[in-house]
Amino acid sequence: MPAPLPDLLQYNSSLERVRRGLIAITASPLFLIDSHLGEALRCILVESEDWSRAADVSVEESLIAWYAHCVRDSKVDCPRSAQLYAEALSDPKRAWTKHNATLTVDLLRSFTAQGIPARVIKGQPLAEAVYGDYLLRNSSDIDLVVPVRYVAEATEHLRKQGFAPALSLQWFKDDRFLRLNKEASFVALGGAFTVDLHWGLVNRWNAQAVEPHELFENRGHSVELMEQLLPWFDRSLLFRIQLAHVISSDFVGLKAWVDLAHVSDLLSPEEWAACAGTCLNLGAERALALALMVLESVFCRPLPLPISASNRTSLAPTATRISDCLYSGRVPASFLNSLNLAYVVGGVRSAWRALSQAWTPAMIDFEHVDATTGTSTLVWQMTMRRTRKHLFTTRAQR
């Protein structure tokens with residue numbers, strides 16, 4: 001197991017010890033080797049209450065399948081109640097995961113039949129490709145990506161498949177809306193199943209680690225899911241896709257980081273070189289450097305690429321704060337937000353794009369979806385008058 005495990009007892013806070021331990025376990029390259037689980041659990045769960053804390057944190061961070069695997073297959077004696085609690089929490093998730101896997105295959109097949117290029121990112125194909133078992137990664141939705149020119153056809157096809165869009169279909173024919181947004185949600189059966197339709201991986205102000213057209217290039221890779229071969233990505237591109245997931249979660253989504261850590265273990269030196277070169281060409285060099293610094297400090301991964309002294313110095317405070325957020329589970333709104341991270345990672349121009357979009361009435365919150373009707377409560381983001389006044393006050397006026 002990674003080196004930090006023996007030092008976990010130094011943390012007085014049981015919750016912080018549990019979070020640090022779960023990060024160490026789930027992101028360990030030895031995660032799937034059962035003989036290492038007992039030692040890891042003994043380091044983390046030193047109090048009787050820790051078992052339930054660990055389960056609760058796992059549910060909160062969508063890591064319950066991993067935790068249940070640890071409890072079920074480890075060699076350490078754990079309370080019977082802890083075993084039952086983990087299974088009770090994970091079994092319903094496993095059932096939904098199976099349904100999502102089946103639905104993923106069916107949807108891709110139907111899109112292909114309609115002549116609509118589509119790929120699934122994350123979800124059960126990722127779990128099968130990286131972990132060897134699609135049930136080890138909880139997934140509450142299906143992330144489907146299509147080229148932007150096929151968005152209108154894709155939304156109509158999803159509607160015919162029984163998925164209700166979160167907003168009127170006319171929005172998907174609006175070029176301005178498509179430029180300013182990257183995804184929209186569709187729900188079926190009162191919210192039981194959700195498809196997030198993507199036509200981009202990150203918002204336009206963020207570092208672009210992936211060119212959209214790369215997702216649809218046939219590079220001869222596939223992954224088997226439910227006895228069906230699905231188109232997949234080479235490992236260098238897969239890492240950049242997962243990097244985009246970390247970026248879109250404002251660098252604090254623990255599940256996205258765990259995936260990124262495991263995908264990083266797959267790359268060869270040649271693939272790392274290709275990944276770095278592409279990120280440099282796309283202007284995502286600082287985002288890659290920040291990700292590698294966090295993977296090194298939190299997930300105990302050796303640096304596969306050199307990081308320039310200037311990037312290491314300028315990004316160190318951000319990497320430290322991201323690490324603190326992952327360990328504590330608390331995200332201070334004053335620091336970790338899209339505008340701040342756009343500036344830190346992408347510079348003034350990226351921050352300007354983020355601020356411009358915040359003023360745009362077409363920016364819609366897709367998270368507020370009524371689970372009963374499948375309709376959306378459109379939340380229009382208001383102009384940040386004070387910020388605008390502060391930014392555009394001239395020195396003479398001050």
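How each quantity is defined
Residue numbering note: each chain is counted from 1, following its sequence as written. Confidence filtering applies because this is a predicted model: local features only for residues at pLDDT of at least 70, side-chain atom pairs given and counted only at 80 or more, and all residues used for totals across whole chains, interfaces and linings. Based on all heavy atoms of the structure, the side-chain values leave hydrogens and waters out of the count. For two strands to be treated as a pair, DSSP must find at least two bridges joining them. Numbering of helices and strands runs from the N terminus, with a helix taken as a DSSP run of H or I at least four residues long and a strand as a DSSP run of E at least two residues long. An axis is simply a line fitted to the C-alpha atoms; with a helix, the fit covers only the stretch in contact. Between two such axes, the angle follows the N-to-C directions and lies from 0 to 180 degrees. These descriptions rest on fixed angle ranges, namely under 35 degrees for roughly parallel, over 145 for roughly antiparallel, 65 to 115 for roughly perpendicular, and the rest for oblique. For any helix crossing, the convention is left-handed if the near helix is rotated counterclockwise from the far helix by under a right angle, and right-handed if that rotation is clockwise. In this description, contact between two residues means that some pair of their heavy atoms is separated by no more than 4.5 Å. Gly is placed with the polar residues, together with every amino acid not listed as nonpolar (Ala, Val, Leu, Ile, Met, Phe, Trp, Tyr, Cys and Pro) or charged (Asp, Glu, Lys and Arg). For every residue, the accessible area obtained with a 1.4 Å probe (protein chains only) is divided by the maximum for its type, and the residue is called buried under 20%, exposed over 50%, and partly exposed between those limits. Ring pairs shown here join Phe, Tyr and Trp side chains whose ring centres sit within 6.5 Å, with only the six-membered ring taken for Trp; geometry is labelled stacked below 30 degrees between planes, edge-to-face above 60, and tilted in between. Among buried residues, those of type Ala, Val, Leu, Ile, Met, Phe, Trp, Tyr and Cys that are joined through side-chain atoms within 4.5 Å constitute a nonpolar core. Note on disulfides: each one is a pair of cysteine sulfur atoms within 2.5 Å. Confidence of the predictor at the level of single residues is given by pLDDT, which spans 0 to 100.

Caption draft 1: How the structure looks around the pairing of strand β7 (residues 228-231). Bridge analysis of strand β6 (residues 222-225) against β7 gives four bridges, and the strand direction is antiparallel. Its bridge partner lying in β7, Ser222 is registered against Pro231. The hairpin turn running from β6 into β7, its antiparallel successor, is two residues long, and Met226 in that turn takes a positive phi close to 55°.

Caption draft 2: Just the packing of helix α9 (residues 235-248) against helix α10 (residues 254-264), in detail. It is the contact of α9 with α10, at a shortest axis distance of 9 Å, that shows an interaxial angle of 160°. One finds that α9 runs roughly antiparallel with respect to α10. At the point where α9 passes α10, the crossing takes the left-handed sense. For the pair formed by α9 and α10, the contact residues are Leu238, Phe239, Gln242, Leu243, His245 and Val246 on the first element and Ala256, Trp257, Asp259, Leu260, Val263 and Ser264 on the second. Each residue belonging to the contact of α9 with α10 can be placed in one class, and the counts come to eight nonpolar, three polar and one charged.

Caption draft 3: Fine view of the environment of Leu266. Inspection of the secondary structure assignment puts Leu266 in the loop between α10 and α11 (269-282). Take Leu266: its relative accessible area is 31%, and that puts it in the partly exposed class. The spatial distance from the C-alpha of Leu266 to the C-alpha of Phe239 is 9.0 Å, given a sequence separation of 27 residues.

Caption draft 4: Summary view of the sheet that holds strand β1 (residues 119-121). Strand order in the open sheet formed by five strands is β1-β2-β5-β4-β3, and the pairing between neighbours is mixed. Each end of this open sheet is capped by a strand with a single partner; those strands are β1 and β3 (164-165). Where strand β4 (residues 183-188) lies against strand β5 (residues 193-198), six bridges are found, and the strand directions are antiparallel. Bridge assignment links Val187 to a residue of β5, and that residue is Thr194. Packed on one face of the sheet, helix α5 (residues 80-113) meets β1, β2 (142-145) and β5 and runs near 20° to β2.

Caption draft 5: Expanded view of the packing of aromatic side chains. Inspection of every chain in the model, using the stated rule, returns five aromatic pairs. Pairing Phe239 with Trp272 gives two aromatic rings, centres 4.8 Å apart and planes at 70°, and the pair type is edge-to-face. Of this pair, Phe239 sits in helix α9 while Trp272 is found in helix α11, placing the two residues 33 residues apart along the sequence. For Trp272, a relative accessible area of 7% translates into the label buried. In textbook terms, an aromatic cluster arises when at least three aromatic residues are bridged by ring pairs, as seen for Phe251, Trp257 and Phe299.

Caption draft 6: The nonpolar core, seen in detail. Core analysis: the biggest nonpolar cluster contains 95 residues, and Phe111, Phe163, Phe239, Trp257, Phe299 and Leu326 have the highest contact counts within it. Looking at this core, the element that brings in the most residues is helix α12 (residues 285-297), giving nine residues. Here Phe111 is in contact with Ile116, Ala118, Leu144, Val146, Ala154, His157 and Leu158, once residues within four sequence places are set aside. Val18, Leu22, Trp51 and Ile64 belong to the second largest nonpolar core, which has 14 residues in total.

Caption draft 7: A look at unusual backbone geometry. The backbone of Glu227 sits at a positive phi, close to 65°, despite the residue not being glycine. In this fold, Glu227 is placed in the loop between β6 and β7.

Caption draft 8: Up close: the state of the cysteines. Tallying each qualifying case throughout the model produces zero disulfides. No disulfide involves Cys275; its sulfur sits 4.3 Å from the nearest other cysteine sulfur, which is in Cys279. Exposure remark for Cys275: the relative accessible area of 0% places this residue in the buried category.

Caption draft 9: Broad picture of the confidence of the model for the chain. Here the chain averages 78 in pLDDT, while 75% of its residues score no lower than 70. The spread of mean pLDDT over the elements of the chain runs between helix α16 (residues 385-391), the lowest at 34, and α11, the highest at 96. A low-confidence stretch, residues 1-6 (pLDDT under 50), is modelled with 15 contacts involving residues beyond four sequence positions or located in other chains. In this model residues 359-398 is a low-confidence stretch, pLDDT under 50, and it forms 68 contacts with partners more than four residues away in sequence or in other chains.

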